[in-house]
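A look at the structure
Read off the chains here:
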Amino acid sequence: MKSKALIVLVATVASGLATTICGTSVAIAQDAATSIVVGADTTFPPFETEKDGVVTGFDIDMINAIAKAENMTVTLKTLPFNGLIPSLQAGSIDAAVAGITIKASRLQNANFSDAYYKSGLSVLVKTDSDIKSFDDLKGHVVATKKATSSVDYLTGHGVSSDYIKQFQSIDAAYQALMTGGADAVIFDNPVNIDFKAKHAGVQTVGPLLTGEYYGIALSKTKPELVNKINDGLAKIRKSGEYHQLFVKYFGGDTSGEVNDVLDPAKVALSE
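In what follows, the accompanying structure is described. Just so it is clear, the structure is predicted and the values come from calculations on it, not from any experiment.

This paragraph deals with the overall build of the protein chain. Looking only at helices and strands, the protein chain has ten helices and 15 strands in total. A burial count over the protein chain gives 46% of its 271 residues as buried. Put simply, 73% of the contacts in the protein chain that link residues at least 6 apart link residues at least 24 apart. Of the roughly 13200 Å² of accessible surface on the protein chain, a fraction of 55% belongs to carbon and sulfur atoms.

Shown next, in the form of structure tokens:
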């Protein structure tokens, strides 16, 4: 009887240990699943910027709020803009934020969240410039950021590549404008407006050139992230956190706010 009881006891303890070990493994797996690596290009204020090694901005606060709402944790990885989609494809990051315009070509290589910001391209020039609209750019040097929708717009509307200066960061494009290396900058309007607010002697001219939407780019290897990110976005809209980001980063200008659920495939630019 004692032998049998001992065997039962050992078996029970072993079973309990196995359950504990398995339970720990499951918990570890679940913890790993809730952690996402997010790529960010930090040369896109006020959406992303970096100072003294600290990354801040509209997109950064937004993705952290979404992650918190969905019980996820975020690890940031800074990358140049043209490295974000390739990094998603390679699986080195799970998501990317950088004011990324939803485009049909990008949807082939990455999933996207619902749209979260309505933007458009605008023309920024010095206040004494004779350029009054996009139509006046012929024969002028235009600066912009490499691999962005502004490059597509310029080449698609007849601007010769000889007159397009592409820079790794938008700050370098603005510097070219200020120092006479370029006659105009074409870029996302909220960023142009942010630069204008901080620097005298520049202005935006003409109407917005495009209507485009930003989305959070996501790795196609983790399709489950689409629903989680969209659910989190819906939650921070409902809680008011989303709106507060416009107060914090745009002085209450809500022209870019998107409160409807916009499927990325339906708002994607074709160019």
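More follows now that the structure is in view.
Turning our eyes to something else, we now look at the environment of lysine 138. With respect to the secondary-structure elements, lysine 138 resides in the loop between β9 (121-126) and β10 (142-145). For lysine 138, a relative accessible area of 80% corresponds to the exposed category. Once the C-alpha coordinates of lysine 138 and valine 159 are considered, the two residues, 21 residues apart in sequence, prove to be 7.2 Å apart.

Attention now moves to helix α2 (residues 58-69). Compared with the 16 Å implied by 1.5 Å per residue over twelve residues, the 17 Å span of α2 between its first and last C-alpha is a close match. Every buried residue of α2 is listed here: Phe58, Asp59, Ile60, Met62, Ile63, Ala65, Ile66 and Ala67.

On to the packing of aromatic side chains, then. Taken as a whole and assessed by the stated rule, the structure comprises 20 aromatic pairs. When the ring of phenylalanine 44 is compared with that of tyrosine 214, the centres are 6.2 Å apart and the planes differ by 65°; the resulting orientation is edge-to-face. Remark: tyrosine 214 occurs in strand β14 (residues 212-214) and phenylalanine 44 occurs in strand β2 (residues 43-44); sequence separation between them is 170 residues. Residues phenylalanine 44 and tyrosine 214 agree in their burial class; the two are buried.

Here the focus is helix α6 (residues 170-179). Count 3.6 residues to each turn of an α-helix, and residues three or four apart come out pointing the same way. Every buried residue of α6 is listed here: Ile170, Ala173, Tyr174, Ala176 and Leu177. Buried positions in α6, seen along its axis, are confined to an arc of 155° and lie on one side of it. Just downstream of α6, glycine 180 is the residue with a positive phi angle, here 90°.

With that settled, consider the side chain of aspartate 94. The topology assignment puts aspartate 94 in the loop between α3 (84-90) and β6 (95-97). Setting aside its immediate chain neighbours within four residues, aspartate 94 contacts Ser35, Ile36, Val37, Leu88, Ala217, Leu218, Ser219, Lys222 and Leu225.

Another aspect to go through is the sheet that holds strand β1 (residues 35-40). Here we have five strands laid out as an open sheet, ordered β5-β1-β6-β15-β7, and mixed in their pairing. This sheet does not close on itself; its edge strands, each paired only once, are β5 (73-78) and β7 (111-112). The sheet contact formed by β6 and strand β15 (residues 217-218) spans two bridges and is antiparallel. Within β15, the residue paired with alanine 95 across the bridge is leucine 218. Against the sheet, α2 makes contact with β1, β5 and β6, and its axis sits at roughly 150° relative to β5, the strand it touches most.

With that settled, consider the pattern of salt bridges. Within the structure shown, the criterion is met by seven salt bridges. The partner of lysine 145 in a salt bridge is aspartate 41, and the shortest N-O contact between them spans 2.2 Å. With a gap of 104 residues between them, lysine 145 in strand β10 and aspartate 41 in the loop between β1 and β2 connect regions that are remote in the sequence. Close ionic contact of lysine 228 with glutamate 70 constitutes a salt bridge, the shortest N to O distance being 3.8 Å. Highlighted residues: lysine 228 in helix α8 (residues 224-239) and glutamate 70 in the loop between α2 and β5, separated in sequence by 158 residues. The class of lysine 228 is partly exposed, set by a relative accessible area of 29%. Three or more residues are tied together by salt bridges with common partners; here these are Glu70, Lys228 and Lys235.

Rules of the game
- Residues numbered from 1 in each chain as written.
- Predicted model: local features only at pLDDT ≥ 70, side-chain atom pairs only at ≥ 80, totals over all residues.
- Heavy atoms only, no water.
- Helix = DSSP H or I, 4+ residues; strand = E, 2+ residues; numbered from the N terminus.
- Buried < 20%, exposed > 50% of the residue type's maximum accessible area, 1.4 Å probe, protein only.
- Contact = heavy atoms within 4.5 Å.
- Areas by Shrake-Rupley, 256 points an atom, 1.4 Å probe, with all protein chains shown as cover.
- Expected span 1.5 Å × (residues − 1).
- Phe/Tyr/Trp six-rings, centres within 6.5 Å; stacked < 30°, edge-to-face > 60°.
- Arc of directions from axis to C-beta.
- Pairing = 2+ DSSP bridges.
- Axes fitted to C-alpha atoms, helices over the stretch in contact; angles between N-to-C directions.
- Salt bridge = Lys/Arg side-chain N within 4 Å of Asp/Glu carboxyl O.

Purely spatial values, then, with no claim about function.
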